[in-house]
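Observations on chain architecture
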Amino acid sequence: SQTIHQWPATLVQPVGSPLSLECTVEGTSNPNLYWYRQAAGRGLQLLFYSVGIGQISSEVPQNLSASRPQDRQFILSSKKLLLSDSGFYLCAWSTGGSPLHFGNGTRLTVT
Amino acid sequence: AQSVSQHNHHVILSEAASLELGCNYSYGGTVNLFWYVQYPGQHLQLLLKYFSGDPLVKGIKGFEAEFIKSKFSFNLRKPSVQWSDTAEYFCAVNTPPGTYKYIFGTGTRLKVLA
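The following paragraphs examine the structure supplied in this document. (Residues numbered from 1 in each chain as written. Chains lettered and ligands numbered in written order. Predicted model: local features only at pLDDT ≥ 70, side-chain atom pairs only at ≥ 80, totals over all residues. Heavy atoms only, no water.)

Residue and element names in this part refer to chain B. L33, W35, L47, L48, F74, L76 and Y89 are the most contacted members of the largest nonpolar core, which totals 29 residues. Mapped by element, the contributors of at least two residues to this core are β2 (10-14), β3 (19-21), β5 (32-38), β6 (45-50), β8 (64-68), β9 (73-78), β10 (87-94) and β12 (108-113). Looking at this core, the element that brings in the most residues is β10, giving 4 residues. Setting aside anything within four residues of it in sequence, one finds L76 in contact with L19, E20, L21, W35, L47, L48, F63, E64, A65 and Y89. (Core = buried A, V, L, I, M, F, W, Y, C linked by side-chain atoms within 4.5 Å. Buried < 20%, exposed > 50% of the residue type's maximum accessible area, 1.4 Å probe, protein only. Helix = DSSP H or I, 4+ residues; strand = E, 2+ residues; numbered from the N terminus. Contact = heavy atoms within 4.5 Å.)

Here it is, written out as structure tokens:
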């Protein structure tokens, strides 16, 4: 069966520090991978999606970037965090039009 | 722009009450539709989905949803809620079907009083 792993679960980082959140999927090949940010009362905002290794599309201009170095690995990064980057980040995968499958999320607090 | 609207942001019900959460979308073409639930401290889980066929879809835990194409709606229902249904519920649309594009509503927080 397919599983998705996302870490860390919580993270507190100072303003200006770098960020790296990792997500890996097991049990499926060539998934579509996604990074969402969830904010209270605002639903889920798509940040990045990837349909293959090295292929990244950004939905919202921001201080973040994403990379897909391997088929089932998706990384969310920042060189210098801003206070406004605080939030709850979710990784997800899908194949074709299947439902999205979400990881447990990372609660990021930038201080 | 394509959007998904969930008009009820907060709902409070007593146990055994009936539930209906509204979801409307703005896309005029073919869509895949989903309801997700997020229990406190847990990840988003799929409740049910609609791709085609019978517009009345049954999901887990006694939930169902009805797709009404003419109203661009996909409302979630449960005849009798339980305290354990306390959670946040999200409606989502995949459009065009099979693409990367999943659009989520802003969510509805349901609190069920014991």
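Taken together, the contact between chain B and chain A spans 21 residues of the former and 22 residues of the latter. Buried area between chain B and chain A, both sides added, is near 1600 Å², and the carbon and sulfur share of it is 58%. Applying the counting criterion to the chain B and chain A interface returns 1 salt bridge. As a salt-bridge pair, E59 of chain A and K101 of chain B come within 3.7 Å of each other at their nearest N and O atoms. The tally of links from chain B across to chain A stands at 5 residue pairs in polar contact (both at pLDDT 80 or more). Looking at the side of chain B that touches chain A, the elements that each hand over two or more residues are β5, β6, β10 and β11 (102-104) of chain B. At 4 residues, β5 of chain B tops the list of elements feeding residues into the side of chain B that touches chain A. (Buried area = accessible area lost by both parts, 1.4 Å probe. Salt bridge = Lys/Arg side-chain N within 4 Å of Asp/Glu carboxyl O. Polar contact = N/O pair within 3.5 Å; in protein donor to acceptor, adjacent residues only side chain to side chain.)

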